[in-house]
Every structure is written in C-alpha cells, then in structure tokens.
Amino acid sequence: MNINNVLRDYDQWIKSNYNMKNMKIFEEHVYFHSVFATTTFLVKNMDLSEEDIFIAQTIAIVHHCAVFKKINFSLAYGNHAKEGSLLLQQSLLKLLLPETRRLDYIITQSVF
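Everything numeric here is computed off the predicted structure, so don't read it as measured data.

So, how was this worked out
- Residues numbered from 1 in each chain as written.
- Predicted model: local features only at pLDDT ≥ 70, side-chain atom pairs only at ≥ 80, totals over all residues.
- Heavy atoms only, no water.
- Helix = DSSP H or I, 4+ residues; strand = E, 2+ residues; numbered from the N terminus.
- Buried < 20%, exposed > 50% of the residue type's maximum accessible area, 1.4 Å probe, protein only.
- Contact = heavy atoms within 4.5 Å.
- Areas by Shrake-Rupley, 256 points an atom, 1.4 Å probe, with all protein chains shown as cover.
- Core = buried A, V, L, I, M, F, W, Y, C linked by side-chain atoms within 4.5 Å.
- Axes fitted to C-alpha atoms, helices over the stretch in contact; angles between N-to-C directions.
- Parallel < 35°, antiparallel > 145°, perpendicular 65-115°, else oblique.
- Left-handed = near helix turned anticlockwise from the far one by under 90°.
- Phe/Tyr/Trp six-rings, centres within 6.5 Å; stacked < 30°, edge-to-face > 60°.

Enquirer: So what exactly am I meant to see when it comes to the overall build of the protein chain here?
Expert: From N to C terminus, the protein chain includes 6 helices and 0 strands. The helix and strand sequence of the protein chain, counted from the amino end, reads α-α-α-α-α-α. In the protein chain, buried positions account for 43% of the 112 residues. Intrachain contacts of the protein chain at a sequence separation of at least 6 include 64% that bridge at least 24 residues. Surface accessibility of the protein chain: about 6500 Å² in total, with carbon and sulfur atoms responsible for 56%.

Enquirer: Can you walk me through the nonpolar core in this structure?
Expert: Nonpolar side chains tend to gather and get buried jointly when the protein is soluble and globular. Counting 26 residues, the largest nonpolar core has Tyr10, Ile61 and Ile107 as its most contacted members. Sorting the residues of this core by element identifies helix H1 (3–17), helix H2 (23–44), helix H3 (50–62), helix H4 (65–72) and helix H5 (80–96) as the ones contributing at least two each. Broken down by element, the residue count for this core peaks at 6 residues, all from H1.

Enquirer: How should I be thinking about the packing of H2 against H3 in this particular structure?
Expert: When two helices pack together, their arrangement is given by the angle between their axes and by how far apart the axes lie. It is at 8 Å that the axes of H2 and H3 come closest, and there the two elements cross at 160°. One element, H2, and the other, H3, form an angle in the roughly antiparallel class. In terms of crossing hand, the pair formed by H2 and H3 is right-handed. The segment H2 lies against H3, with Phe32, Val35, Phe36, Thr39, Thr40, Val43 and Lys44 engaging Ile53, Ala56, Gln57, Ala60 and Ile61.

Enquirer: I keep staring at the packing of aromatic side chains and nothing clicks. Help me out?
Expert: Any aromatic ring pair is given by two values, namely how distant the centres are and how the planes are angled relative to each other. All chains considered together, the criterion is met by 3 aromatic pairs. Ring geometry for Tyr10 against Phe32: centres 4.9 Å apart, planes inclined by 85°, an arrangement best described as edge-to-face. Of the two residues, Tyr10 is situated in helix H1 and Phe32 in helix H2; the sequence distance between them amounts to 22 residues. Neither Tyr10 nor Phe32 differs from the other in exposure class; each is buried. Measuring from ring centre to ring centre gives 5.6 Å for Trp13 and Tyr18, while their planes differ by 75°; the resulting arrangement is edge-to-face. For Tyr18, a relative accessible area of 12% gives the class buried. Members of the aromatic cluster, connected to one another through ring pairs, are Tyr10, Trp13, Tyr18 and Phe32.

Written out as structure tokens, the structure is:
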C-alpha cells in the first residue's frame, strides 16, 4: 500500500473524467490536495501506525469524490458524502487500491 500510488491514480481519475479547465473542478482539485497535505502533516505528528496513517491519507484524498460529478453536471452538492461512499464502494476504491479490499469498509464509512 503506497499512498503516492493512490494520490497519482486519483489525480489521473479526476483528469480522465472531468474538465480541468472548469474553474470549479480545478478549485476542488486544489482543495483536495490541501486537505491531503494538512492531514498528512497532522497524522505524521501523531502516534499512529503506518496503516492508520495510510487510511487517514486515503480518506483525505477521496473524501469529496462525488463533488466532481456534481460540479460537472452543475448540480447542488446535496448529500455528496453518501454518493461518494457509493462511488467508492462501486468502483473507485478498486481502482485506487487494487491490492486489497480489507480497508474498503473503513474508508467508505469514514467518507459517508
């Protein structure tokens, strides 16, 4: 489990599925990177296991995954947490973490 691979694959997923020229998409992309950086700073200064750090960082990366779809279709954000959790369960976690399904429940429940 390598967080840099998750970050790279999530970036690629966004760029493959959404128009980065859309300012709202771009802003959300910048936002998720800042949440990731802040989370990484915080958890690295806590007494956590490497796996717990990985889980926290992964949640920081994917916590707003449904927002991109809502922006893309000019929809209100509504319950994007629930929709994000469903998106993660259906396909996104398998793309980002192909080597394990062990953490799926923890990550999807944290996003929801």
